[in-house]
Amino acid sequence: MARAPRRDLLAGLTVAIVALPLALGFGVSSGLGAEAGLATAVVAGALAALFGGSNLQVSGPTGAMTVVLVPIVARYGPGGVLTVGLLAGLMLVALALARAGRYMQYVPAPVVEGFTLGIACVIGLQQVPSALGVAKPEGDKVLVVTWRAVEAFAKAPNWTAVGLAAAVAAVMLLGARWRPTTPFSILAVTGATVAVQVFGLHAAHPIGDLPAGLPAPSLAFLDLSAPGSLLAPAVAVAALAALESLLSASVADGMTVGQKHDPDRELLGQGIANLAAPLFGGVPATGAIARTAVNVRTGASSRLASLTHAAVLAVIVFAAAPLVSRIPLAALAGVLIATAIRMVEVGSLRAISRATRSDALVLVLTAAATLALDLVYAVIIGLVVAGALALRAVAEQARLDQVPLQADASGDHSAEEHALLAEHIVAYRIDGPLFFAAAHRFLLELSEVADVRVVILRMSRVTTMDATGALVLKDAVTKLHRRGITVLASGIRPGQRRALDSVGALALLRQDGGDHATTPEAIAAARTRLQAAGVPLPSARTCASTHATAISEENPR
């Protein structure tokens, strides 16, 4: 199974050491307690490793999921959260069966970076009450809770808690710069716990009692009193689990050579993990980018590393619960604050913000929505704004240009033909997409054609056309017909014919024999039509002048 078992075992042990304080901290932050975070890390971590689509992914409780869970806990209580996790697991399995994993590639980078920046801000703000050593105020809006915590601290300052949180965060951040592979989080938390016990720092509140082992699986937690009201939170949890897990797996692929995850299988693994974790009192889980990165950097090459991580955490749950229960909450707050800071990739943010104004706008909007609303709404807002800006950019590529006429491949015309073509026929080439975002501008431009007898539309360069574009083209042709102008088209592609035929535009063109395979054929048909209509030729002087102009345009000095 493993290509390098010893290296995988060492990587799994390292990840477990890093994951322990994170699992405890995210469990506490979610509102279900440290034991919920540990249960999630063990159960979800093992099952996602077995059934997931990435060899290197490490799953468990994450800060992003905690952000979503806090308002759910406040509204529905622990039973509601566990029910939401179970429903989200079912949805993830359904997404896997529907092969929806491939669509992750369509999420724009500014949305992902804005999403990550917003999550980092929310995670950091969530730790303020514990870092200040005050009881967590009521509320589910992180900005409101943070402000109330600051007010409580101002009335009764707890500098011991502040010092512990700051010291742990500083050790982690500075240590990561010095030796990135050393698990400074566990060293800092251990040091803080020892200091509290030795010096009797009673102002530093500990985690509290933990059960010695995982609870027996049970469905007693199910909250079926209002299943409809839990559906929307479950959709949010499932969407976040899918997004974060696939993003994390993609990051793991990019950090290695020869590794490529299966997105649909990864969704299946996360679905199974989230079906099982609530049975043991665990919170919803996702792929964890930070732990996955540690796993890759320490040399993991197979799923054995992720399984080892879950097994080590299980041993800690069964054998060291009394010791873990003494860890100060302020120390865990410091761990999560440092984690939030390290989540922010300043280089990526700077690069995206400098790329285009649209990218900068999407990034800022997504981050702000994450902080002010919730993660799912933030991603939806980011995708909608990014999509609208992309449509605008694509629509601006559509062009309607007047082009010179050529009767045949050589472009030879007599003086009379030049004058006839120049004075009575105009040709327009349509470049780019003709769809709803660009169609109305096209209609305005085409409807303002000067007084001529024939308009030729060269359509071979139309890249795409939807029903709106076909309808607008039909309207333009109708308006030109009302002015007595004949419209001919050339180079219509098969895909465009289907759209034009569906709205009746193709039939309208064919009434006057206006559907031609090539532009020379359309020009010849226009000349024949004008001659049959008895259009008078210009005078000889006009012909000579027009001919000379045409020659000078074809042979510029």
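Residues numbered from 1 in each chain as written. Predicted model: local features only at pLDDT ≥ 70, side-chain atom pairs only at ≥ 80, totals over all residues. Heavy atoms only, no water.

Time to look at the overall build of the protein. Counting its secondary structure elements, the protein contains 24 helices and eight strands. Going through the 557 residues of the protein one by one, you find that 52% of them count as buried. For the protein, restricting intrachain contacts to residue pairs at least 6 apart in sequence, the fraction spanning at least 24 positions comes to 84%. (Helix = DSSP H or I, 4+ residues; strand = E, 2+ residues; numbered from the N terminus. Buried < 20%, exposed > 50% of the residue type's maximum accessible area, 1.4 Å probe, protein only. Contact = heavy atoms within 4.5 Å.)

Quick look at unusual backbone geometry now. Negative phi is the rule for most residues except glycine; trans is the rule for most peptide bonds. Notably, Arg99 is not glycine yet its phi reads approximately 55°, a positive angle. Within the fold, Arg99 resides in the loop between helix H3 (63–97) and helix H4 (109–126). Note on Arg99: relative accessible area 47%, which makes it partly exposed.

Right, let's talk about the packing of helix H20 (residues 467–482) against helix H21 (residues 494–503) for a bit. Helix-helix packing: each pair is described by the crossing angle between the helix axes and the interaxial distance. Relative orientation of the contacting elements H20 and H21 amounts to 60°, with a least axis distance of 9 Å. Like other packed secondary-structure pairs, H20 and H21 cross with a definite hand, here right-handed. Contacts from Ala467, Ala470, Leu471, Leu473 and Lys474 in H20 reach Ala499, Leu500 and Val503 in H21. Residue composition of the contact of H20 with H21, by class: seven nonpolar, no polar and one charged. (Axes fitted to C-alpha atoms, helices over the stretch in contact; angles between N-to-C directions. Left-handed = near helix turned anticlockwise from the far one by under 90°. Nonpolar A, V, L, I, M, F, W, Y, C, P; charged D, E, K, R; others polar.)

Attention now goes to the packing of helix H2 (residues 34–51) against helix H12 (residues 304–319). Remark: H2 packs on H12, axes separated minimally by 8 Å, with the N-to-C direction vectors making an angle of 155°. Taken together, the axis directions place H2 and H12 in an arrangement best described as roughly antiparallel. Once H2 is placed against H12, the crossing between them reads as left-handed. Contacts between H2 and H12 involve Leu38, Ala41, Val42, Gly45, Ala46, Ala49 and Leu50 from the former and Ser306, Leu307, His309, Ala310, Leu313, Ala314 and Val317 from the latter. A class-by-class count of the residues in the contact of H2 with H12 yields 11 nonpolar, three polar and no charged. (Parallel < 35°, antiparallel > 145°, perpendicular 65-115°, else oblique.)

For the coordinates displayed, the defined rule picks out four salt bridges. Between Arg497 and Asp515 there is a salt bridge, and its shortest N-O distance comes to 2.7 Å. One end of the pair, Arg497, is in helix H21; the other, Asp515, is in strand S8 (residues 515–516), with 18 residues separating them in the sequence. Residue classification places Asp515 among the partly exposed positions, given a relative accessible area of 22%. Arg510 is the partner of Asp515 in a salt bridge, and the nearest nitrogen-oxygen pair spans 3.6 Å. Judged by its relative accessible area of 46%, Arg510 is partly exposed. Connected through salt bridges with shared partners, the residues Arg497, Arg510 and Asp515 form a single ionic network. (Salt bridge = Lys/Arg side-chain N within 4 Å of Asp/Glu carboxyl O.)

Turning our eyes to something else, we now look at the confidence of the model for the protein. This prediction gives the protein a mean pLDDT of 79; 82% of its residues lie at or above 70. Mean pLDDT across the elements of the protein bottoms out in helix H24 (residues 540–554) (39) and peaks in helix H10 (residues 263–276) (94). Predicted confidence is poor over residues 407–413, with pLDDT under 50, and the contacts of this stretch with residues over four places away or in other chains come to 14 contacts. In the model, residues 537–557 has pLDDT below 50 throughout and makes 18 contacts with residues more than four positions away in sequence or in other chains. (pLDDT = per-residue confidence, 0-100.)

Time to look at the side chain of Asp8. With respect to the helices and strands, the residue Asp8 is situated in helix H1 (residues 5–30). At 5.5 Å, Arg7 is the nearest oppositely charged side chain to Asp8, a buried residue that forms no salt bridge. At a separation of 2.8 Å, a polar atom in the side chain of Asp8 contacts the side chain of Ser302. (Lys, Arg positive; Asp, Glu negative; His and termini not counted. Polar contact = N/O pair within 3.5 Å; in protein donor to acceptor, adjacent residues only side chain to side chain.)

What follows covers the packing of aromatic side chains. Taken as a whole and assessed by the stated rule, the structure comprises one aromatic pair. Above the ring of Trp178, the side-chain terminus of Arg179 is found at 4.7 Å from the ring centroid. (Phe/Tyr/Trp six-rings, centres within 6.5 Å; stacked < 30°, edge-to-face > 60°. Lys NZ or Arg CZ within 6 Å of the ring centre and 35° of its normal.)

Taken residue by residue, helix H11 (residues 289–297) has Arg291, Thr292, Ala293, Val294, Asn295 and Val296 as its buried positions. Of the residues flanking the end of H11, it is Gly299, one or two places downstream, whose phi is positive at about 95°.

So, on to the pairing of strand S4 (residues 425–434). Of all 10 residues that make up S4, 10 are buried, and the element is covered over most of its length. Relative to strand S5 (residues 454–458), S4 runs parallel, the two sharing five bridges. Looking at the pairing, Arg429 lines up with Arg458 of S5. (Pairing = 2+ DSSP bridges.)

On to the side chain of His516. By the secondary structure assignment, His516 is in strand S8. Look at His516 and you get buried, because its relative accessible area is 13%.

To continue, consider the environment of Ser30. Within the fold, Ser30 resides in helix H1. A residue is classified by how much of its surface remains accessible, and Ser30, at 2% relative accessible area, is buried. Ser30 sits 32 residues away from Thr62 along the chain, and the two C-alpha atoms are 9.7 Å apart. Sequence-distant contacts of Ser30, defined by excluding residues within four places in its chain, comprise Thr66, Leu69, Val70, Val73 and Val283.

A few words now on the nonpolar core. Counting residues in hydrophobic clusters, the biggest one holds 81 residues, and the most contacted among them are Leu24, Ile72, Val237 and Leu313. Among the elements that make up this core, the one with the highest residue count is H3 (14 residues). If we skip the residues at most four places from it in the chain, Leu313 touches Ala16, Ala19, Leu20, Ala41 and Val42. Ile430, Met465, Ala470 and Ala476 belong to the second largest nonpolar core, which has 27 residues in total. (Core = buried A, V, L, I, M, F, W, Y, C linked by side-chain atoms within 4.5 Å.)

Right, let's get into a nonpolar patch on the surface. Together, Leu361, Leu365, Leu373, Tyr377, Ile380, Ile381 and Val384 line one region of the surface with nonpolar side chains, adding up to about 620 Å² of accessible area. The set of elements that each furnish at least two residues to the nonpolar patch consists of helix H16 (357–372) and helix H17 (375–396). No other element matches the four residues that H17 contributes to the nonpolar patch. A relative accessible area of 44% places Ile380 in the partly exposed class. (Patch = residues over 30% accessible without salt bridge, like charges linked within 9 Å, V, L, I, M, F, W, Y side chains within 5 Å. Areas by Shrake-Rupley, 256 points an atom, 1.4 Å probe, with all protein chains shown as cover.)

It is worth spelling out helix H8 (residues 184–199) at this point. Relative to the 22 Å expected for 16 residues at 1.5 Å per residue, H8 spans 22 Å between its end C-alpha atoms, a close match to the ideal helical length. Of the residues making up H8, those classed as buried are Phe184, Ser185, Ile186, Ala188, Val189, Ala192, Thr193 and Val196. Close packing links the buried residues of H8 with H1, helix H7 (159–178) and helix H14 (329–343). (Expected span 1.5 Å × (residues − 1).)

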